[in-house]
Amino acid sequence: MALINWDEKYSVGVPSVDHEHRELIELINPTHDKMLRAESAGAVLEFLGEIYGRIAAHFALEERLMRKKHYPQYAGHKADHERLLDEIREIMDDFEDQTFFDEAQLARRLHTWFSEHFHNHDARLHRVLA
């Protein structure tokens, strides 16, 4: 079962960014499935690491665009990126520790991230950049 399905409400109107958002969803869903099937901890950590790396690269692209265009809300948007990356690192730490890991919390965090960050920060950013 997919954790997140692509929805046009996630579209920000910039093809390269929308493509990356779709790719992130396509990466997150199999990771969530692996967690539900209780595959090896090493495999799940590898996928979480890949998610972290891809999201960090995506954020770097957005931040580069914001700096280039002198985006007035750069500081707040970047702060939200940092918060989201911190949450992913916490998820990874919790998974490694096993005593604190909560799969349902992971699902909620990822779903909230896509629905809120894309809809609020990214949509506002790309309306300005478009």
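Fair warning: this is a prediction, and the values are worked out from it, not measured in the lab. (Residues numbered from 1 in each chain as written. Predicted model: local features only at pLDDT ≥ 70, side-chain atom pairs only at ≥ 80, totals over all residues. Heavy atoms only, no water.)

Colleague: Hey, could you run me through the overall build of the protein chain in this one?
Modeller: On a plain count of helices and strands, the protein chain comes out with four helices and zero strands. Listing every helix and strand of the protein chain by position from the N terminus yields α-α-α-α. In terms of overall size, the protein chain behaves like a compact globule, its C-alpha atoms giving a radius of gyration of 15 Å where 130 residues would be expected to give roughly 14 Å. Overall, the protein chain is about 45 × 25 × 20 Å in size when its C-alpha atoms are taken along their principal axes. For the protein chain, with 130 residues in total, the buried portion stands at 40%. Put simply, 69% of the contacts in the protein chain that link residues at least 6 apart link residues at least 24 apart. (Helix = DSSP H or I, 4+ residues; strand = E, 2+ residues; numbered from the N terminus. Rg over C-alpha atoms; globule rule 2.2 N^0.38 Å. Buried < 20%, exposed > 50% of the residue type's maximum accessible area, 1.4 Å probe, protein only. Contact = heavy atoms within 4.5 Å.)

Colleague: It is not clear to me how helix α3 (residues 74-97) should be interpreted in this structure. Could you clarify?
Modeller: Since there are 3.6 residues in each turn of an α-helix, residues three or four apart along the chain are aligned in direction. Across its 24 residues, α3 extends 34 Å between first and last C-alpha, which sits within 8% of the 34 Å expected from 1.5 Å per residue. Within α3, burial applies to His77, Asp80, His81, Leu84, Leu85, Glu87, Ile88, Ile91, Met92 and Phe95. Within two residues after α3, Gln98 carries a phi angle of roughly 60 degrees, on the positive side. (Expected span 1.5 Å × (residues − 1).)

Colleague: Sorry if this is basic, but what is going on with the environment of Glu50 here?
Modeller: Structurally, the position occupied by Glu50 is in helix α2 (residues 41-68). Each C-alpha atom of the pair Glu50 and Thr31 lies 9.6 Å from the other, and the pair is 19 residues apart in sequence.

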